[in-house]
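Coordinates in review
The primary structure of each chain is shown beneath.
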Amino acid sequence: CGSVLHVDVCDEGALDAIHEALGERGVDIVVHNAGVTRDRTLAKMKAENWDLVFDVNLHAPVTLTNGLMESKALRAGGRVIALSSVSGIAGNMGQTNYAASKAALAGWVRGNASALGRRRITLNAIAPGFIETRMTEAMPTAIREVARRLSALSQGGAPSDVADAVTFLATPSAAA
């Protein structure tokens, strides 16, 4: 049986709120799916937008996972799944902060998977391509269409496509 906890992942009290909600139960599956964009070219980007994107997309997953590991609230045999992005692999015009934060998240996963593996906890990142969401609806139509055509099937994915990948990684079938 799962549950959802609504918490601002950048709030200083986020980890305490999570621990309080978990109580003695601990947690088996953590999905880091919070993400923001603040698109601008690097020359026009405000420092606070750079920081916000890194705080949400990178610092929060790292801080929360480390805190759950240190407290042993994340139980042995657990799963941690982080949502990166193809933009973190290939980059994207006007998304320097987003691409850099998602690349760093994928690098953090690669760099820490072995350490978590010693506790039989898997740590994986999923790097979806263009997914049709409220966030991508805000993009100009021409840019959305170009993004769709970059995929092998020339279409955007659905949130359920990502959810299916998350579900697989959360199961015992993904133990290796």
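Residues numbered from 1 in each chain as written. Predicted model: local features only at pLDDT ≥ 70, side-chain atom pairs only at ≥ 80, totals over all residues. Heavy atoms only, no water.

Observations concerning the pairing of strand β2 (residues 74–83)
This is how it is decided: Whether a residue is buried, partly exposed or exposed follows from its accessible area with a 1.4 Å probe, protein chains only, as a fraction of its type maximum: under 20%, in between, or over 50%, in that order. Helix and strand definitions here come from DSSP, where helices need a minimum of 4 consecutive H or I residues and strands a minimum of 2 consecutive E residues; each element is numbered from the N-terminal end. Paired strands, in this sense, are two strands between which DSSP finds at least two bridges.
Of all 10 residues that make up β2, 7 are buried, and the element is covered over most of its length. When strand β1 (residues 27–32) meets β2, the two strands line up parallel, connected through 5 bridges. Directly across from Val-31, in β2, lies its bridge partner Ile-81. In this structure, β2 lies alongside strand β3 (residues 122–126), joined through 5 bridges in parallel fashion. Pairing of Ala-82 across the sheet is with Ala-125, part of β3.

Digging into the nonpolar core
Our working rule: Here, nonpolar core refers to any group of buried Ala, Val, Leu, Ile, Met, Phe, Trp, Tyr and Cys residues whose side-chain atoms link them within 4.5 Å.
Counting 21 residues, the largest nonpolar core has Leu-68, Leu-74 and Val-80 as its most contacted members. The greatest single-element share of this core, amounting to 6 residues, is contributed by helix α2 (residues 47–70). Core analysis: the next-biggest nonpolar cluster, separate from the first, contains 9 residues, Leu-83, Val-166, Leu-169 and Ala-170 among them.

Structural notes on unusual backbone geometry
Despite not being glycine, Lys-72 has its phi angle at roughly 65°, a positive value. Summarising the element assignment, Lys-72 is placed in the loop between α2 and β2. Exposure remark for Lys-72: the relative accessible area of 59% places this residue in the exposed category. A positive phi angle, near 60°, is found at Arg-120, a position not held by glycine. Mapped onto the elements, Arg-120 comes out in the loop between α4 (96–117) and β3. The exposure class assigned to Arg-120 is exposed, which follows from its relative accessible area of 59%.

Brief notes about the side chain of Arg-148
Using the following cut-off: In the analysis that follows, any N or O atom pair within 3.5 Å is treated as a polar contact, provided that within protein one partner can donate a hydrogen and the other can accept it, and provided that, for residues neighboring in sequence, both atoms belong to side chains. The contact criterion used is simple: two residues touch if any of their non-hydrogen atoms lie within 4.5 Å.
Among the secondary structure elements, Arg-148 is positioned in helix α6 (residues 141–149). There is a polar contact of 2.5 Å between the side chain of Arg-148 and the side chain of Glu-132. One polar contact links Arg-148 to Glu-145, side chain to side chain, over a distance of 3.1 Å. What Arg-148 contacts, discounting residues up to four positions off in sequence, is Phe-130, Glu-132, Ser-154, Gln-155 and Gly-156.

A closer look at the packing of α2 against α4
Formally: Axes here refer to lines fitted to C-alpha atoms; in helices the fit is confined to the stretch in contact. Angles between the N-to-C directions go from 0 to 180 degrees. Our angle categories are set so that under 35 degrees counts as roughly parallel, over 145 as roughly antiparallel, 65 to 115 as roughly perpendicular, and the remainder as oblique. Two helices that cross are described as forming a left-handed crossing if the nearer one is turned anticlockwise from the farther one by less than a right angle, and a right-handed crossing if clockwise.
Contact geometry for α2 and α4: axes closest at 8 Å, N-to-C directions at 15°. Between α2 and α4, the angle is such that the two are roughly parallel. In this structure, α2 meets α4 at a crossing whose hand is right-handed. Along the contact surface, α2 presents Asn-49, Trp-50, Val-53, Phe-54, Asn-57, Leu-58, Pro-61, Val-62, Thr-65, Asn-66 and Met-69, while α4 presents Thr-96, Asn-97, Tyr-98, Ala-100, Ser-101, Lys-102, Ala-104, Leu-105, Trp-108 and Leu-116.

Concerning the pattern of salt bridges
Basically, it comes down to this: Definition used for salt bridges: Asp or Glu carboxyl oxygen within 4 Å of a side-chain nitrogen of Lys or Arg.
Summed over all chains, the structure comprises 3 salt bridges. A salt bridge links Asp-28 to Arg-75; the nearest nitrogen and oxygen atoms lie 2.6 Å apart. Residue Asp-28 is found in strand β1, and its partner Arg-75 is found in strand β2; the two are separated by 47 residues along the sequence. The class of Arg-75 is partly exposed, set by a relative accessible area of 33%. With a shortest N-O distance of 3.1 Å, Glu-145 and Arg-148 are connected by a salt bridge. Here Glu-145 pairs with Arg-148, and both are found in helix α6, just 3 residues apart, close to one helical turn. Given the relative accessible area of 29%, Glu-145 is considered partly exposed. Several salt bridges converge on common partners, so that one network encompasses Glu-132, Glu-145 and Arg-148.

Structural measurements only, silent on function.
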